[in-house]
Amino acid sequence: MAVGTVYYAFADTAGATSTGERIGIRWLNGTGGEVSITWAMSTAGASASWHRVSVAGPAPAGAVQAQVVLSSTEPAAAVSHYWENVYLGLPIRTLGNLLPFNTESSEVDASGWTPVVNATISRQVPVISWGVSVYTAGGHTLAMSTVAAGNASVLSVERPAVTPGQEYLAYAYLQPPVLTAAAWIELRFYDANGNQVGAQRSTLAAPGTGMYRQRASMVAPAAAATCGMAAGLDGASAGQVLRLETVVIGVAGKIQSGSVLPYADSSFEQGIAGWTVATGVATLARTTPWGESAYEGSYSLAASSSTATVSTIRSARFPVTGDVNWRARIIAKAAAGTWTTVLVRVRWYDATDADLGASTGTAYGLAGAGWWGLSSDAEAPATATQGAVELVATAGSASSVLHVDAVTLRQVLPQTAVEAHSDDGYVQLTLRELPLDYLLTVYRVTEGGARALVRGVHGLVSQQVITSDVMVIEDHEAPIGQSFYYRIEVHEAPGDTAFTRSSEQVALTLDDINFAWLKDPGNPQRACKVLVAKAPDWQRPIEQAAFVVRGRRNKVILSGRRQGLEGDLAIWTRSDAERESLHLLLDSGNVLLWQATPGMGVTDMYVSIAQVTEGRVGKLAQEQWRAWSLPLTEQDMPVTTGINGAAGRTWQDVVAEFATCADLLEVYATSEDLLLDRRMG
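All values reported here derive from a predicted model rather than from experimental measurement.

Rules of the game
- Residues numbered from 1 in each chain as written.
- Predicted model: local features only at pLDDT ≥ 70, side-chain atom pairs only at ≥ 80, totals over all residues.
- Heavy atoms only, no water.
- Phe/Tyr/Trp six-rings, centres within 6.5 Å; stacked < 30°, edge-to-face > 60°.
- Helix = DSSP H or I, 4+ residues; strand = E, 2+ residues; numbered from the N terminus.
- Buried < 20%, exposed > 50% of the residue type's maximum accessible area, 1.4 Å probe, protein only.
- Contact = heavy atoms within 4.5 Å.
- Salt bridge = Lys/Arg side-chain N within 4 Å of Asp/Glu carboxyl O.
- Pairing = 2+ DSSP bridges.
- Axes fitted to C-alpha atoms, helices over the stretch in contact; angles between N-to-C directions.
- Core = buried A, V, L, I, M, F, W, Y, C linked by side-chain atoms within 4.5 Å.

Chemist: Residues and numbers for the packing of aromatic side chains, please.
Modeler: What the rule picks out here adds up to 15 aromatic pairs. When the centroid spacing of 6.2 Å and the interplanar angle of 50° are considered together, the rings of Trp-538 and Trp-594 count as tilted. In this pair, Trp-538 sits in the loop between strand E40 (528-534) and strand E41 (544-547) while Trp-594 sits in strand E44 (residues 592-596), placing the two residues 56 residues apart along the sequence. Of the residues examined, Trp-538 reaches a relative accessible area of 29% and is grouped as partly exposed. Taking the relative accessible area as the measure of exposure, Trp-594 reaches 2% and is therefore buried.

Chemist: A description of the environment of Cys-528 should follow, citing residues and the corresponding values.
Modeler: Position of Cys-528 relative to the elements: it lies in strand E40. Exposure remark for Cys-528: the relative accessible area of 5% places this residue in the buried category. Beyond its immediate sequence surroundings of up to four residues, Cys-528 is in contact with Ala-516, Trp-517, Leu-518, Ser-581, Leu-582 and Leu-585.

Chemist: Which residues make up the pattern of salt bridges, and what are the values?
Modeler: Considering all chains together, one arrives at 30 salt bridges under this definition. For Asp-12, the salt bridge is made with Arg-52, and the minimal N-O distance between the two is 2.5 Å. With Asp-12 in strand E1 (residues 6-15) and Arg-52 in strand E4 (residues 47-58), the pair connects residues that are 40 residues apart, well separated along the chain. The partner of Glu-390 in a salt bridge is Arg-345, with the nearest N and O atoms 2.6 Å apart. Remark: Arg-345 occurs in strand E23 (residues 339-349) and Glu-390 occurs in strand E27 (residues 386-395); sequence separation between them is 45 residues.

Chemist: Explain the environment of Val-532 to me, using residue names and the numbers behind them.
Modeler: Residue placement: Val-532 occurs in strand E40. Of the residues examined, Val-532 reaches a relative accessible area of 21% and is grouped as partly exposed. Spatially, the C-alpha atom of Val-532 lies 66 Å from that of Trp-184, the residues being 348 residues apart in sequence. The contact partners of Val-532, leaving out residues within four places of it in the chain, are Asn-514, Phe-515, Ala-516, Leu-569, Ala-570, Ile-571 and Trp-572.

Chemist: Go over the sheet that holds strand E18 (residues 283-286) with me, naming the residues and quoting the values.
Modeler: In a beta sheet, neighbouring strands pair by backbone hydrogen bonds and run either parallel or antiparallel. With antiparallel pairing, five strands are arranged side by side in an open sheet as E18-E19-E28-E22-E26. The open sheet is flanked by E18 and strand E26 (372-379), the only strands paired with a single partner. For this sheet, the mean inter-axis angle between neighbouring strands, taken without regard to orientation, is 30°. Pairing of E18 with strand E19 (residues 301-305), which is carried by four bridges, proceeds in the antiparallel orientation. Counterpart to Ala-285 in the pairing with E19 is Ala-302.

Chemist: Give me unusual backbone geometry: which residues, what numbers.
Modeler: The phi torsion of most residues other than glycine is negative, and most of the peptide bonds are trans. Cis geometry is found at the peptide bond from Thr-288 to Pro-289, where omega equals 0°. Positive phi is not limited to glycine here, since Phe-268 has a value of about 60°. In the Ramachandran plot, Asp-323 falls in the positive-phi region, its phi being about 65° despite a non-glycine side chain. Relative to the helices and strands, Asp-323 resides in the loop between strand E21 (318-319) and strand E22 (325-336).

Chemist: Any details on the nonpolar core? Residues and values, ideally.
Modeler: In terms of nonpolar packing, the biggest core is built from 36 residues, with Val-162, Leu-174, Phe-189, Met-229, Leu-244 and Ile-249 touching the most fellow members. Only strand E9 (141-146), strand E10 (150-156), strand E11 (167-175), strand E12 (182-190), strand E14 (212-219), strand E15 (226-236) and strand E16 (241-251) provide two or more residues apiece to this core. When residues of this core are assigned to their parent elements, the largest contribution, five residues, is made by E15. In terms of nonpolar packing, the next biggest core, distinct from the first, is built from 32 residues, Trp-326, Ala-334, Ala-384 and Val-407 among them.

Chemist: Mind laying out the environment of Pro-598, listing which residues take part and the relevant values?
Modeler: By the element assignment, Pro-598 lies in the loop between E44 and strand E45 (605-609). Residue classification places Pro-598 among the partly exposed residues on the basis of a relative accessible area of 43%. Spatially, the C-alpha atoms of Pro-598 and Gln-482 are 7.8 Å apart, while their sequence positions differ by 116 residues. Ignoring sequence-local partners within four residues, the contact set of Pro-598 consists of Ile-480 and Gly-481.

Shown next as structure tokens:
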């Protein structure tokens with residue numbers, strides 16, 4: 001425990017008749033004595049369904065240990081109460097959230113929020129069931145209570161910095177007081193003087209009175225310096241309560257990597273954005289209620305045609321580059337009636353907004369009621385600077401409704417690309433257009449046809465679940481000085497290959513044959529290029545037992561299998577920086593990869609290194625060269641080791657938690673610890 005650091009505890013609980021459920025963090029001193037207890041608020045009722053309770057607070061002075069305390073009030077003897085999924089540790093935040101933990105969760109107190117009009121703020125613990133792995137959702141919710149009838153709203157206190165021109169996405173879980181409540185969130189932008197310079201409101205179309213995630217997105221205006229989140233009720237009755245949970249503002253992602261469409265025009269979470277009906281009788285609206293029909297998020301675009309005619313539906317215009325290939329893609333379904341064809345194409349415009357015409361497009365017929373992916377490729381005219389996605393939809397019957405979601409327009413880049421980084425000893429493999437939730441296997445195939453699995457963050461990439469349509473793999477175990485390629489297999493299910501593809505040939509080089517690489521497969525940032533003084537003289541031990549048989553001239557020898565290579569590698573480091581880097585590499589004691597230039601009589605080898613000798617090469621104390629002897633023992637390739645990394649954290653997550661660089665020095669011992677979020681204590 002670090003005094004002053006906020007710690008977080010949660011658990012899932014269930015009890016049909018139990019009330020007053022709460023969780024606490026019991027702070028203990030060095031002898032196990034109690035310093036104090038930080039208690040959560042009690043739940044508002046009883047439930048036999050699993051529901052979340054949680055609490056957070058700073059460790060008080062004198063605390064060096066902590067315990068989780070679980071409490072409930074039972075109505076009678078012999079009543080069963082259940083607890084599960086207990087956690088105690090540092091706060092669990094949404095990665096990329098610009099808002100601090102207590103604004104996101106209200107687990108410490110309600111100080112992250114302030115009333116704006118006709119509202120009071122408190123915290124409540126309603127009985128809410130969250131998925132067992134939804135760790136960003138807690139027990140406490142922010143409760144906005146209306147003082148009198150009318151509009152009411154609250155605003156986040158924190159004003160995180162933003163970049164003008166960058167698109168941001170805000171969301172929060174809202175629990176409206178009644179089905180008819182007009183509950184909303186609003187992403188707001190402010191200039192350097194604190195004046196509001198932009199806002200985007202997104203109103204919840206609630207299907208009930210549960211918790212529903214509502215989203216709002218907007219590009220930060222040119223004058224924007226900071227942002228905030230507001231939430232409220234319009235036309236509320238006195239005493240009505242709006243609850244908020246998991247409040248997030250972050251940089252908006254793309255529905256598909258490289259798409260030029262903003263989130264609002266792709267996903268329709270706050271309305272129909274820039275979409276219009278160019279010709280025909282169709283009308284456009286956001287689907288309702290929340291969750292009724294959506295492929296991405298909670299809403300989609302509904303195009304309704306009252307007659308069996310053709311309508312042209314067009315997006316706003318977005319920047320494109322001429323003379324390159326572009327792909328427009330939509331996800332669509334026939335929600336009512338029939339649609340004979342849906343033609344997907346791109347309409348091009350030049351810098352003066354002149355219409356350059358539309359691409360030929362690709363026509364599709366919609367069969368059944370499911371979602372279908374419809375795409376069309378086209379080369380932009382040389383003078384094109386803008387493009388709009390255009391749908392020419394033919395209704396086959398009156399009162400037909402077409403739902404459209406996850407619209408993208410992107411430059412078509414190679415599905416598989418490789419780039420050699422010889423100076424750093426790795427190859428970057430980029431995979432695009434991967435199908436989500438399928439399984440991925442990646443092999444490295446050398447000139448002789450030998451295959452080896454490539455390592456990723458979860459170990460060797462063998463039938464791993466695809467979670468993004470784009471994947472970038474840094475292969476730090478690629479061989480030096482020989483040509484190879486990558487074979488990519490995508491499986492719909494284990495053993496069921498959907499398709500395969502291969503990369504171009506690629507090779508890494510090592511400019512000086514006197515150097516070799518030493519790498520930690522799980523920590524490629526520690527790789528060292530070292531100057532070799534002398535390669536090992538190898539030994540291959542073997543276990544043997546010798547028996548003398550009376551009357552026989554020769555002994556009887558029983559042997560085990562001869563073991564791998566063992567020998568001492570002699571190297572030099574030429575500077576204090578190289579020496580410190582080598583120490584960092586060796587500190588973990590992990591299995592390492594040794595790679596030398598082909599032709600040196602040594603193949604790539606995984607090795608374990610025993611006691612290391614570091615010697616000076618001269619008598620002067622300031623001489624930086626060192627002579628090393630590394631006792632190597634050949635090892636098998638580690639198969640379960642994954643590549644360490646930031647796990648999705650960015651500098652924005654650091655800024656949201658720490659005010660100054662000095663604060664980081666108290667928490668992280670090294671920059672690598674900061675990268676991997678390994679905190680002291």
